[in-house]
Amino acid sequence: MAISKEIYKALEAVVGSQYISDDPVICEGYRSGPGGYESGLGYERVMTKVPGCVIMPRTTEEVQRIVKVCYRNDVPYVPYSTGFYGSRSHPHVEDALLIDLKRMNDFKLDEKHFYVEVGPGMIYSPIQEECMKHGAYVVIGGGGAQASAIANLIGDGWSPLSHRIGLPHRRILGTEVVMPDGELLKLGSLAEGDDPFWGEGPGPDLRGLLRGYTGLRGCLGIVTRMAIKTLPFQPERLEPTGISPNTALALPEKRVKWINFVVPSKDAQVQAMREIGHAEIAGAVTKVPLFWRAIAKAECKEEFWDLWSKENEETVANFFIVRVLLIGYTSEEQMEYDERVLMDIMSEVGGIARRTKPSDESWIKNADSAGMWLMCGGYVSVDYVIETLSQSPDHGPSYADLKRKYTPPLMPDYGDPGWFQSFELGHQGYSEFLVYWDQDDDTNPVDQFYVDTSKMNIKNRFYTSLLGPHQPLYLTGPQYGPNYHEFLLKVKNEFDPKWKSHPPVPLAHDVFVERAPWMHHMKDWESPDDLPK
Amino acid sequence: MADPSPVRYYKPAAEFKLDITDVKNFVYDMSRCIKCKGCTWVDHTYMPGPKFMTRCPSAAKYEFDAYGAYGKMRIGHAMAEGRLGWNETALEVLYACTLCGACDVGCKRNLDLEVGLSLEALRVKAVQDGVGPLPAHKRIAESIAQKHNLYGAPSEKRTEWLPQGITPAQKAEVLYFAGCTASYVNREIAQSTAKILQAAGTAFMLMPDEWCCGNTVFSVGLFDEAKALAQRNIDQVRQTGVKTLLTSCAECYRMWKVDYPKVLNISTADLGFQVIHLVEYVDEKMKSGVLKMKKPLETRLTYHDSCGLARLSDPWTPYEGKRGWMGCVEPRLTRRRGNQEIYAKPRDILKAIPGVNLVEMPRTRENAFCCGAGRGVREAFPDFAEWAASHRLDEVKEIGAETLVSSCPWCKNNFAQAAKAGAADVQVLDISEVICASIEG
């Protein structure tokens, strides 16, 4: 149902005429694609719609009032912070109201209690800058420095710095959520006052409703305020240098230093990461895909392909690197001690330190996820797995094997197994697999590969992160549950009985498979006849 | 398993040119935007904190995504494909933009898309479609056509700015192109420039009949009119036989160095003469010992990077090629990224002046926030222009600067007006005035 004049007037009364529009030109500015995350894929073509109206609230109260108008008048709505997450964060149904939260960019730093408090319009890099000025730091997730901190934390929220600083759900403190019907839910200590210092309770810890493993993509309301835990950092300034595009943070090497090690094997990589975690040293420990090195070296996409085409299956198979970020949190002496421990560990595993630039280009403040699109134009991190440190390296090669069937149109990567690293001082291992393509190619196989990875994970019993709204719920739910999908749908029905908060998530991928003819032959699971149309 | 038959890597190469008269040349760029908003955020490495996070005046002022480059790319793509038509909002989205290049250098950090050229091509398309430019722009174009200057002023008064005691040469290796604003409105800039040239012992000439550079007509999409002006002005300069054309206006500088070659489909190197800004000239003379900054200027001073002398100033080279697999182009394209190292020169000059305490604003160099005056904005959207200047002056206040210096009369005027209206208690000067005052000491 289109948004009527009466409903428009009611919404306009909430924010003022300056901050609402149903002009087709304004709405076109919020089209999902064809560029973006999952660039040009079937999901973007089949599932996304230009919004019927856009509204920009400033306060939690305004969000509540907007949502209540929507709920009363059966208007579907989608919360939208920066729009970077591509098709999944854009409307999936006609005439939806897109609630653009960029004006809610409040920021407050509590230096004494080590947290920041932000609105959904606040992105990571300013938070990191302000934290570092006050002796603290946060993880800028792989989503990038341009990501809304709230959206990233209720979705993914990790990076190589998670080796030390921990997983996202451990950093979410007091939080405000406008539930799908407009009711305000306050989590943690915000439930009792205005101090967001504490994240758990009272009663059941409801932060799982926000993110579970990797988020619900706006189908359970809108987070309007969140306190995020920060951790102590060292005091020296990380000085920005260079002119764009070649900018970097110059590192004070007595307190912050990256060292790249070449090690003899994958086993040596894992052993090194485990020992580094056990020794409780380092701010980050990671192994990245070989093609990221080509991205870093190339000045343009053509040069990337020059560099990358020199690699082959053998060079990729024999690429064993461990990148370690040392941070002298407390003193130069601590840094020196950590470096000696690190060198002992590397000596034991046969690691050799390589010359490493005394700068950080892509993790501490920038987190350059946008550059991932440079060489092909189409990109998605098709899956992430958090396993044990010894299990997670097996995940990437299984993907690489499956990917061969779909290459082309996927980028030739010579079997690169992707990215893996240590989380929480080696307590977990993390693996992420990334795929790239040219969106002008026939991309249907990319859609098929995506679902095929889910089947592969089920077969191999990998506990994948991309469940719920990321894959067909009726494919993954019975296999990971057996009733995980029923539980999720019960939660959805309880809090959003009218399904107005970003419909048809969490069943959007099920609907996509139904709607896309090139996906039909993939469907070997049961689903009800009454999926949303 | 995937059906192998339709799967291919090979994609027929699509021919394209960096030619803004056909928006279809930029459909690839407009369709590849991923909304990372690198066009809007300050380069994250330089991100100054929760204040002053963005560098796009349009996106900051109007806030809807449509007004950021990420929205304009979607709108432009839809228009190029015939899915969306013009309306009043579309014209505002397109023209309430200073084409300051912040989006372009931001994108070229991440994706190398031709955002700036796409925006210029969309303005040309608006004119081709009969909906652009806006009435205020048409009045400017009319003034230029009739009186050869922006202001509709008598052309015979154009050289009245010349100070006593300075007589331009009839023939010289250096030609000073004063531009409309320094000739008619901010004569102190032209006068200071002439005095600096004289102090350095550089004989200079003026154009026998100087006309407007055409910045506004080019910027609002009047391509044919801009091309005619470019051809006329270049022919005039070539006839003088000068080796160097010097400007003291960043907008004139950009036109001569970048946009004249662009509209005439030649390289900057093929102009037949060198185009330099006063800042480049003084930097060279200062470092070779010809000019000395003597008289102190006791002030806490900050420098505003005028867009035309900063991220928009890379030289132009025509390009025609093919785009194939993964969007790679052949032959290789040297992207214009606004990183040609011009940023240091004005700072080196200002730091050489005794007594100057040069302090940087949170957003500097390629991340600078445009003053808001240029490319047709001041004429059609004066409120927006004043808002942008006031917003920039907030940064001046933030760092406690007493003096704001730029290298462009457009910046000077816009800042001065905003300051006068109460945005900040700050002295606004052009760099030519500051240099002149110091060397005369």
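## Remarks on the overall build of chain B
(1) Moving on: Secondary structure assignment for chain B yields 18 helices and eleven strands.
(2) Moving on: Relative to the compact-globule value of 22 Å for 441 residues, chain B shows a C-alpha radius of gyration of 22 Å, a close match.
(3) Moving on: Considered along the principal axes of its C-alpha atoms, chain B spans approximately 80 × 50 × 40 Å.
(4) Moving on: Buried positions account for 59% of the 441 residues belonging to chain B.
(5) Moving on: Across chain B, the fraction of contacts at a sequence separation of at least 24, relative to all contacts at a separation of at least 6, is 79%.

## Focus on the overall build of chain A
(1) Moving on: Scanning chain A for helices and strands turns up 18 helices and 21 strands.
(2) Moving on: Relative to the compact-globule value of 24 Å for 533 residues, chain A shows a C-alpha radius of gyration of 23 Å, a close match.
(3) Moving on: Across its three principal axes, chain A shows a C-alpha extent of roughly 70 × 55 × 45 Å.
(4) Moving on: Taking all 533 residues of chain A together, the buried fraction comes to 58%.
(5) Moving on: Contacts in chain A between residues far apart in sequence, at least 24 positions, make up 71% of those at least 6 positions apart.

## Thoughts on the domain arrangement of chain A
All names here are of chain A.
(1) Moving on: Under the domain assignment, chain A is made up of domain 1 (5–100), domain 2 (107–232), domain 3 (248–363 + 378–437) and domain 4 (468–522).
(2) Moving on: Looking at the side of domain 1 that touches domain 2, the elements that each hand over two or more residues are helix H4 (60–73) and strand E3 (77–80).
(3) Moving on: Tallied by class, the residues present in the side of domain 1 that touches domain 2 amount to seven nonpolar, five polar and two charged.

## Observations regarding the nonpolar core
(1) Moving on: Within the largest apolar cluster, 300 residues are counted, with the highest numbers of intra-cluster contacts made by Leu97, Ile99 and Ile228 of chain A together with Leu175 and Tyr176 of chain B.
(2) Moving on: In this view, isoleucine 99 of chain A contacts Ile55, Pro57, Val63, Ile66, Tyr77, Val78, Pro79, Tyr80 and Ile222 of chain A; residues no more than four positions away in its chain are not counted.

## Some thoughts on helix H6 (residues 115–128) of chain B
Residue and element names in this part refer to chain B.
(1) Moving on: Its 14 residues place the ends of H6 20 Å apart at the C-alpha level, agreeing with the 20 Å of an ideal helix rising 1.5 Å per residue.
(2) Moving on: Taking burial as the measure, the 14 residues of H6 include eleven buried ones, the bulk of the element.
(3) Moving on: Within the span of H6, buried status applies to Val115, Gly116, Ser118, Leu119, Glu120, Ala121, Leu122, Arg123, Val124, Lys125 and Ala126.
(4) Moving on: A positive backbone phi angle near 80° is found at glycine 130, which sits one or two residues after H6.

## Observations concerning the pairing of strand E7 (residues 320–323) of chain B
All names here are of chain B.
(1) Moving on: Looking at chain direction, strand E1 (residues 14–17) and E7 are connected through four bridges and run antiparallel. Residue phenylalanine 16 lies in a different strand from E7, and its bridge partner there is glycine 321.
(2) Moving on: Inspection of the sheet shows E7 paired to strand E8 (residues 329–330) by two bridges, in the antiparallel sense. Within the sheet, the bridge partner assigned to arginine 323 lies in E8 and is valine 329.
(3) Moving on: Between E7 and E8, which pair antiparallel in sequence order, lie five residues; one of them, methionine 326, sits at a positive phi of approximately 60°.

## Here we look at the domain arrangement of chain B
All names here are of chain B.
(1) Moving on: Each assigned domain of chain B is listed here: domain 1 (11–132), domain 2 (146–287) and domain 3 (292–305 + 343–441).
(2) Moving on: Its C-alpha centre places domain 1 at a distance of 29 Å from the equivalent point of domain 2.
(3) Moving on: Between domain 1 and domain 2, the residue contacts involve seven residues of the former and five residues of the latter.
(4) Moving on: Residues belonging to the side of domain 1 that touches domain 2 are distributed by class as follows: four nonpolar, two polar and one charged.

## Section: the sheet that holds strand E18 (residues 359–360) of chain A
All names here are of chain A.
(1) Moving on: Read across the open sheet, the three strands follow the order E12-E13-E18; overall the sheet is antiparallel. If you trace the sheet from one side to the other, it starts and ends with strand E12 (239–241) and E18, each paired once.
(2) Moving on: One ladder, built from three bridges, connects E12 with strand E13 (residues 248–250); its direction is antiparallel. In the sheet register, glutamate 239 faces E13, and the bridge partner there is alanine 250.

## Some thoughts on the packing of helix H1 (residues 5–15) of chain A against H4 of chain A
All names here are of chain A.
(1) Moving on: Relative orientation of the contacting elements H1 and H4 amounts to 170°, with a least axis distance of 9 Å. Of the possible angle classes, the one that applies to H1 and H4 is roughly antiparallel. Taking contact as the criterion, the partners of Ile7, Ala10, Leu11, Val14 and Val15 in H1 are, on H4, Glu62, Arg65, Ile66, Val69 and Asn73.
(2) Moving on: For the contact of H1 with H4, the residue count by class is seven nonpolar, one polar and two charged.

## Here we look at the interface of chain B and chain A
(1) Moving on: The partner chain A presents 61 residues to the 56 residues of chain B that form the contact.
(2) Moving on: Of all the secondary-structure elements, those providing two or more residues to the side of chain B that touches chain A are helix H3 (69–80), helix H4 (88–95) and helix H5 (102–110) of chain B.

## Regarding unusual backbone geometry
(1) Moving on: Following valine 505 of chain A, the chain continues to proline 506 of chain A via a peptide bond in cis, the omega torsion being 10°.
(2) Moving on: Along the chain, the position of proline 506 of chain A falls in the loop between helix H17 (484–495) and helix H18 (508–515).

## Here's the deal with the packing of H3 of chain B against H6 of chain B
All names here are of chain B.
(1) Moving on: At a minimum axis separation of 11 Å, H3 and H6 run at an interaxial angle of 50°. In this view, H3 runs oblique relative to H6, as classed from their interaxial angle. Crossing of H3 against H6: the hand is left-handed. Of the residues in H6, those touching H3 at Ala69, Lys72, Met73 and Gly76 are Val115, Ser118, Leu119 and Leu122.
(2) Moving on: Looking at the contact of H3 with H6, its residues break down into five nonpolar, two polar and one charged.

## Details of the environment of lysine 171 of chain B
Residue and element names in this part refer to chain B.
(1) Moving on: On the secondary structure map, lysine 171 appears in the loop between helix H7 (135–147) and strand E2 (174–177).
(2) Moving on: Classification of lysine 171 as exposed rests on a count of 9 C-beta atoms within 10 Å.
(3) Moving on: On a C-alpha basis, the gap between lysine 171 and glutamate 284 in space is 23 Å, while along the polypeptide they are 113 residues apart.

## Quick word on the sheet that holds E1 of chain B
(1) Moving on: Read from one edge of the open sheet, three strands run E1-E7-E8 (chain B), paired in antiparallel fashion. At either margin of the open sheet sits one strand with a lone partner, and together these are E1 and E8 of chain B.

## Side note on the confidence of the model for chain B
(1) Moving on: For chain B, per-residue confidence averages 96 on the pLDDT scale, and 98% of positions sit at 70 or higher.
(2) Moving on: Scored as a complex, the prediction yields pTM 0.97 and ipTM 0.96.

## Observations concerning helix H11 (residues 301–308) of chain A
Residues that lie three or four places apart on an α-helix share one face, since the helix turns once every 3.6 residues.
(1) Moving on: Of all the positions in H11 of chain A, only Lys301, Phe304 and Trp308 of chain A are classed as buried. Seen from one end, H11 of chain A has its buried residues packed into an arc of 45°, which puts them on one side.

## A closer look at the environment of alanine 344 of chain B
(1) Moving on: Structurally, alanine 344 of chain B is set in helix H14 (residues 344–352).
(2) Moving on: Along the sequence, alanine 344 of chain B and alanine 423 of chain B sit 79 residues apart, while their C-alpha atoms lie 28 Å from each other.

## Points about the environment of lysine 49 of chain A
(1) Moving on: With respect to the helices and strands, the residue lysine 49 of chain A is situated in the loop between helix H3 (42–47) and strand E2 (53–55).
(2) Moving on: Look past the residues within four positions of lysine 49 of chain A in its chain and what remains in contact with it is Pro91, His92, Val93, Glu94 and Ala96 of chain A.

Calculation rules
- Residues numbered from 1 in each chain as written.
- Chains lettered and ligands numbered in written order.
- Predicted model: local features only at pLDDT ≥ 70, side-chain atom pairs only at ≥ 80, totals over all residues.
- Helix = DSSP H or I, 4+ residues; strand = E, 2+ residues; numbered from the N terminus.
- Rg over C-alpha atoms; globule rule 2.2 N^0.38 Å.
- Buried ≥ 20, exposed ≤ 12 C-beta atoms within 10 Å, placed from the backbone.
- Contact = placed C-beta atoms within 7 Å.
- Domains from an automatic or database assignment.
- Nonpolar A, V, L, I, M, F, W, Y, C, P; charged D, E, K, R; others polar.
- Core = buried A, V, L, I, M, F, W, Y, C linked by C-beta atoms within 7 Å.
- Expected span 1.5 Å × (residues − 1).
- Pairing = 2+ DSSP bridges.
- Axes fitted to C-alpha atoms, helices over the stretch in contact; angles between N-to-C directions.
- Parallel < 35°, antiparallel > 145°, perpendicular 65-115°, else oblique.
- Left-handed = near helix turned anticlockwise from the far one by under 90°.
- pLDDT = per-residue confidence, 0-100.
- Arc of directions from axis to C-beta.

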